[in-house]
Structures are given as C-alpha cells and as structure tokens.
Amino acid sequence: MVKKNISEENIEENIEEKSGDGYVEIKMGGGWYMTISLAHSDRFEKEYVELAKERGGMKKSRFNLNPAHVRMLGEALIKFADDNGL
C-alpha cells in the first residue's frame, strides 16, 4: 500500500465554508463533495448534524448524527488517521 503525504495546506484548500456557519463542503474529487450541515427536525424538534455525500447538488447518501457526538467523532477520526499513517 502506498501512503500519500497530504499537507495541511492541501486539506485547507479542499475545505470550503459556504452559506455561513452550520455548513461545510469538502471536495473529494470526481465532482463529489462531503457536506456537513447543522439541521433541525420539525418532527422531533431537535437539532442534528447531517453528513452527506453529494454530486451535482443531489445527496447520494446521508448520515444523521447527534450533536453531542460530533467532537468524539472528530477526535476518533484524527486518532484513526494517526494510527494508520493517513
């Protein structure tokens, strides 16, 4: 397996904040974006964080996350990347 050396500057280029707070797009290549947005459920009257994979403005897959777990997910992703040399 070949390991890529991705600099922090390259990561900063791929993360763009659009529409103010509560929405972030990450370029993934091939026209795909990972979007992270803060949403509100009218049915359950609660906020949640939606992670989605988009292409051409259409969401192909989504995952809803309790806001209380967002920081734990971020820290777990960083730990996973460090442990696996990513």
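Residues numbered from 1 in each chain as written. Predicted model: local features only at pLDDT ≥ 70, side-chain atom pairs only at ≥ 80, totals over all residues. Heavy atoms only, no water.

Undergrad: Residue-level account of the overall build of the protein, with values.
TA: A tally of helices and strands in the protein yields two helices and five strands. Written out in order from the N terminus, the α and β elements of the protein read α-β-β-β-β-β-α. Counting over 86 residues, the protein shows a buried share of 12%. Across the protein, every contact between residues at least 6 apart in sequence was considered, and the portion connecting residues at least 24 apart equals 8%. (Helix = DSSP H or I, 4+ residues; strand = E, 2+ residues; numbered from the N terminus. Buried < 20%, exposed > 50% of the residue type's maximum accessible area, 1.4 Å probe, protein only. Contact = heavy atoms within 4.5 Å.)

Undergrad: Report on the side chain of S41, specifying residues and quantitative values.
TA: Inspection of the secondary structure puts S41 in strand β3 (residues 32-41). Within the local environment of S41, its side chain forms a polar contact with the backbone nitrogen of R43, the two atoms lying 3.5 Å apart. Setting aside its immediate chain neighbours within four residues, S41 contacts K46 and Y48. (Polar contact = N/O pair within 3.5 Å; in protein donor to acceptor, adjacent residues only side chain to side chain.)

Undergrad: Outline unusual backbone geometry, listing residues and values.
TA: The residue E45 is not glycine, and still its phi comes out positive at about 55 degrees. You can see E45 is positioned in the loop between β3 and β4 (46-55).

Undergrad: Tell me what's going on with the environment of V70, and back it up with residues and numbers.
TA: Along the polypeptide, V70 turns up in helix α2 (residues 70-83). Apart from the residues within four sequence positions on either side, V70 is in contact with V49 and L65.

Undergrad: Can you tell me about the pairing of β3, naming the residues and giving the values?
TA: Two faces, one strand: in a regular strand the side chains alternate between the faces of the sheet. Pairing of strand β2 (residues 23-29) with β3, which is carried by six bridges, proceeds in the antiparallel orientation. Bridged to G29 within β3 is W32. The antiparallel pairing of β2 with β3 creates a hairpin that spans two residues between the two strands, and G30 there sits at a positive phi of about 65 degrees. Alignment of β3 against β4, held across ten bridges, turns out to be antiparallel. Opposite S41, over in β4, you have K46 as the bridge partner. Taken together, β3 and the strand that follows it, β4, pair antiparallel across an intervening segment of four residues, in which E45 is found at a positive phi of about 55 degrees. (Pairing = 2+ DSSP bridges.)

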